[in-house]
Amino acid sequence: MDLFNRQRSPLQAPEEKRVPVGLWVRCNSCHEVLFKKQMEQNLNCCPKCQYHFRINSKERLLMLLDGATWEEVDANIAPCDPLDFVALKPYKNQLKAGYSSTGMREAFLTARGKMGGIPIIIGAMEYSFIGGSMGSVVGEKVTRAVELAIHEKCPLVIVSATGGARMMEGALSLMQMAKISAALARLDDARLPYISILTDPTTGGVTASFAMLGDLNIAEPNSLIGFAGPRVIEQTIRKKLPEGFQRAEFLLEHGMLDAVVPRSQLRDYCIDALRWMT
Amino acid sequence: MAFEGLVFEEELVAIRKAIIAARTGGPEADSLVEELIRKHDILASQIFTNLSPWQVVQLARHSFRPYTLDYISMLFTGFSEIHGDRGFADDPAIVAGMAYFRGEPVAIIGHQKGRDVKQRLYRNFGQPKPEGYRKALRVMKFAEKFSRPLICLIDTPGAFPGIEAEERGQAEAIARNLREMSRLRVPIIVIVTGEGGSGGALAIGVGDRVLMLQFAIYSVISPEGCAAILWKDASMAETAADKLHLTSEKLLKLGIVDGVLPEPPGGAHADSRSMGATVGEAIAQNLKKLKSLKTAKLIEERYTKFRQMGVFTLALEG
Ligand SMILES: [Zn+2]
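Residues numbered from 1 in each chain as written. Chains lettered and ligands numbered in written order. Predicted model: local features only at pLDDT ≥ 70, side-chain atom pairs only at ≥ 80, totals over all residues.

(A) Quick look at the overall build of chain B. Each helix and strand counted, chain B has 14 helices and nine strands in total. Counting every position in chain B, which comprises 318 residues, the buried fraction comes to 50%. For chain B, the share of sequence-separated contacts (at least 6 apart) that also reach a separation of at least 24 residues comes to 71%. (Helix = DSSP H or I, 4+ residues; strand = E, 2+ residues; numbered from the N terminus. Buried ≥ 20, exposed ≤ 12 C-beta atoms within 10 Å, placed from the backbone. Contact = placed C-beta atoms within 7 Å.)

(B) Looking closely at the overall build of chain A. Helices and strands together make up the secondary structure of chain A, namely 10 helices and 11 strands. Taking 2.2 N^0.38 as the reference for a compact globule, 278 residues should give roughly 19 Å; the C-alpha atoms of chain A span a radius of gyration of 18 Å, in line with that estimate. Overall, the C-alpha framework of chain A stretches about 50 × 45 × 40 Å when taken along its three principal axes. Relative to its full complement of 278 residues, chain A shows a buried share of 52%. Taking as baseline every contact in chain A between residues at least 6 positions apart, the subset at least 24 positions apart corresponds to 68%. (Rg over C-alpha atoms; globule rule 2.2 N^0.38 Å.)

(C) Fine view of the domain arrangement of chain B. With domains assigned, chain B is organised as domain 1 (7-50) and domain 2 (56-307). The C-alpha-based centres of domain 1 of chain B and domain 2 of chain B are spaced at 31 Å. (Domains from an automatic or database assignment.)

(D) Examining the pairing of strand β4 (residues 150-156) of chain B more closely. Residues and elements named next belong to chain B. Counting buried positions over the seven residues of β4 gives seven, a clear majority of the element. Where strand β3 (residues 104-111) lies against β4, four bridges are found, and the strand directions are parallel. Note on β4: the bridge partner recorded for alanine 107 is leucine 150. Relative to strand β5 (residues 188-197), β4 is paired through six bridges, and the arrangement is parallel. Note that in β5 the partner of threonine 156 across the bridge is glycine 196. (Pairing = 2+ DSSP bridges.)

(E) Summary view of the interface of chain A and chain B. With 50 residues of chain A at the contact, the number on the chain B side is 46 residues. Taken together, the elements giving at least two residues each to the side of chain A that touches chain B come down to β5 (77-79), α5 (136-151), α6 (170-189), α7 (204-207) and α8 (230-237) of chain A. With 14 residues, the single largest contributor to the side of chain A that touches chain B is α6 of chain A. Broken down by class, the residue content of the side of chain A that touches chain B amounts to 32 nonpolar, 14 polar and four charged. Bridging between β5 of chain A and strand β9 (residues 312-314) of chain B involves three bridges; their strand directions are antiparallel. Paired with proline 79 of chain A across the two strands is phenylalanine 312 of chain B, which belongs to β9 of chain B. (Nonpolar A, V, L, I, M, F, W, Y, C, P; charged D, E, K, R; others polar.)

(F) The arrangement of helix α10 (residues 223-231) of chain B in detail. All buried positions along α10 of chain B are accounted for by Pro223, Gly225, Cys226, Ala227, Ala228 and Leu230 of chain B. At the C-terminal side of α10 of chain B, lysine 232 of chain B shows a positive phi close to 55°.

(G) Layout of the domain arrangement of chain A. Residue and element names in this part refer to chain A. Per the domain assignment, the segments of chain A are domain 1 (17-53) and domain 2 (55-277). Between domain 1 and domain 2, the C-alpha centre-to-centre distance is 24 Å. Taken residue by residue, the interface counts seven residues in domain 1 and 10 residues in domain 2. When grouped by side-chain class, the residues that make up the side of domain 1 that touches domain 2 number three nonpolar, three polar and one charged.

(H) How the structure looks around the pairing of strand β8 (residues 156-162) of chain A. Residues and elements named next belong to chain A. Of all the seven residues making up β8, seven are buried; the element is thus mostly covered by neighbouring parts of the structure. For the segment spanning strand β7 (residues 118-125), α5 and β8, crossover handedness is right-handed. Tracing the backbone out of β8, into α6 and back to the parallel element strand β9 (residues 194-202) gives a crossover that is right-handed. (Right-handed = clockwise from strand over helix to strand, strands pointing away.)

(I) Up close: the environment of leucine 257 of chain A. Residue and element names in this part refer to chain A. Relative to the elements of secondary structure, leucine 257 occurs in the loop between α9 (248-253) and β11 (259-260). Judged by C-beta crowding, with 25 C-beta atoms within 10 Å, leucine 257 ranks as buried. Note: C-alpha distance between leucine 257 and histidine 151 (106 residues apart in sequence) is 28 Å. Setting aside residues no more than four positions away along its own chain, leucine 257 makes contact with Asn217, Ile218, Ala219, Ala248, Leu251 and Leu252.

(J) Seen up close, the confidence of the model for chain B. Put simply, chain B has an average pLDDT of 96, and 98% of its residues get 70 or more. If you check the scores for this complex, the pTM reads 0.95 and the ipTM reads 0.96. (pLDDT = per-residue confidence, 0-100.)

(K) Region of the structure containing the nonpolar core. By size, the foremost hydrophobic cluster in this structure holds 157 residues, and its most contacted members are Leu156 of chain A together with Ile109 and Tyr218 of chain B. Broken down by element, this core gets its largest block of residues, 12 residues, from α6 of chain A. When neighbours within four sequence positions are excluded, tyrosine 218 of chain B is seen to be in contact with Ala171 of chain A together with Val192, Gly196, Ala201, Met212, Leu246, Leu251 and Ile256 of chain B. Listed in part, the seven residues of the second largest apolar core include Leu34, Met39, Cys45 and Ile55 of chain A. (Core = buried A, V, L, I, M, F, W, Y, C linked by C-beta atoms within 7 Å.)

(L) The arrangement of the confidence of the model for chain A in detail. When pLDDT is averaged across chain A, the result is 93; 92% of the residues are at 70 or more. pLDDT under 50 marks residues 1-14 of chain A. Its contacts with residues more than four places away, or in other chains, come to 29 contacts.

(M) Region of the structure containing unusual backbone geometry. Between aspartate 200 of chain A and the following residue, proline 201 of chain A, the backbone shows a cis peptide bond with an omega angle of -10°. Position of proline 201 of chain A among the secondary structure elements: in strand β9. Positive phi outside glycine occurs at arginine 191 of chain A, with the angle close to 55°. Tracing the sequence through the fold places arginine 191 of chain A in the loop between α6 and β9. Arginine 191 of chain A gets classed as exposed once you count the C-beta atoms within 10 Å, which come to 9. Residues other than glycine seldom take positive phi values, yet serine 198 of chain B does so here, at roughly 55°. Note that serine 198 of chain B resides in helix α9 (residues 198-202). Judged by C-beta crowding, with 29 C-beta atoms within 10 Å, serine 198 of chain B ranks as buried.

(N) Seen up close, the packing of α5 of chain A against α6 of chain A. All names here are of chain A. Where α5 meets α6, the closest approach of the two axes is 9 Å, and the angle between their N-to-C directions is 5°. The orientation of α5 relative to α6 falls into the category roughly parallel. Along its contact with α5, which presents Ser136, Val138, Gly139, Val142, Thr143, Val146, Glu147, Ala149 and Ile150, the element α6 presents Leu172, Gln176, Lys179, Ile180, Ala183, Leu184, Arg186 and Leu187. For the contact of α5 with α6, the class distribution of residues is 10 nonpolar, four polar and three charged. (Axes fitted to C-alpha atoms, helices over the stretch in contact; angles between N-to-C directions. Parallel < 35°, antiparallel > 145°, perpendicular 65-115°, else oblique.)

(O) Structural view of helix α13 (residues 272-291) of chain B. Residue and element names in this part refer to chain B. The end-to-end C-alpha distance of α13 is 28 Å, a good match for the 28 Å that 20 residues give at a rise of 1.5 Å each. Turning to α13, its buried residues number three or more, namely Met275, Val279, Ile283, Asn286 and Leu287. Projected down its long axis, α13 carries its buried residues within an arc of 110°, all on one side. Exposed residues on α13 whose side chains face more than 90 degrees from its buried face are Arg273, Glu281, Lys288 and Lys289. Contacts made by the buried residues of α13 are with α4 (68-75), β2 (94-101), β4, β5, β6 (209-213) and β8 (259-261). (Expected span 1.5 Å × (residues − 1). Arc of directions from axis to C-beta.)

The structure is reproduced here in structure tokens:
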């Protein structure tokens, strides 16, 4: 049993959009200089403009679950390098770097926990692990999470943060989309609730499989959500994309999301919805 | 006229042209035709046994390769096309409809590329929009309602990456198809005939049997896209094609496809009719096996087949 307190890894800042380490941070949106403690107390949102900083999978579970506690499951599923893939860097090295920077074997954290007293299976993607990309392990862990929810007859909540399918495992990554979606069909047949929470960013093969298959698909404000990435689209149409394109509010307006929910209300929203559904 | 084929097949194409010319010579030219065919097949087997993955990519995208509508006219009778998603539009990048396979009613769904400039634009280069996938889903449910087996032919560079496709929910359309195909209560045979471009291919690709033509490809991303992202250099596409394991031989080993359909000497486009015959035989054999299964078992086996995909290890501790 891996409880949060024993597993907690130090906060990482693998990229600009993560909360920078240090006493002070500058908001990416309003550029206000903020006292970090104050921002953390505000769920890593800017107290001035409510800009949502990216948070990691453990912080995500911490803010969503009762008592900020959970029991991690399937932590021992580890990646290999089935295609012996080498681009500018060997894939094996990227996996090692992901492990040492996050303390996680892969880009997905699965746990048993409670929300408003309701036992649930929850999963959160780890964006700082190779861009939250989905290879065989993420596919397997999500599938097992779905199957566990079916087995324990409880709701499923998945928080996405990802660049999509992982190229370095080729078509094996692609097939995870089919594998997970098939498991979700069974969850649907079992009439069990599934809330999909899309956060910044959620693109590619994850959006085109489990992230869009919730009974409720909800997103944090301003999250980038799409199938094709904005750069690919710009190259295809050779035009600049309109402001706000592929942001959560854009998707809401086009009927692709059930709600855009600020981080401060996310937990309450889920609890209310789960109470209604169960 | 400039040579329109691929560099490595130039000699073969010259022989094929000579064969066509010799055939007009009447019965006395028969021995010449035979000689040329023999020459063609020997040369073809020499060239085609050592193709690089990048050359296979070129073949999979060959503009003379048989497309879905070609297979429909070769293998099916009474094809009646079903248009539109009943919501927004008809997407010509996917064709679907009712037909008969050797007398038996079936439903067909396939990507359709265009051969000339006008057709290519009309078909959007075989890149479907959400309405294409929603039309496909509609025809899947239609097949299910009337207990007709479903044949899906995959040949797409990928789902269309454009503003309107995103606005109308490209991701949602693909995702829904994956989920619904996995529990569709009729046999599904999927054949990758050319390009299997990522989620845009898989969205009509969750079947009981997934077969692939010898020189077709199936990949998580195009070699060009992969090169641009992982090498930061699109000209590394040839290397990416090798690393992605996108050929039929590699995918069979990885358990992604159930079978590989051999192509005639020179590739599918060198002898479409013989390719059609091979595809037809494969459909007939697999249809017979799948129809003998009870529906519950059919769906259970489909689930298990995709459930097993992926490679990982179990760490000892924690
Ligand atoms: Zn701010």
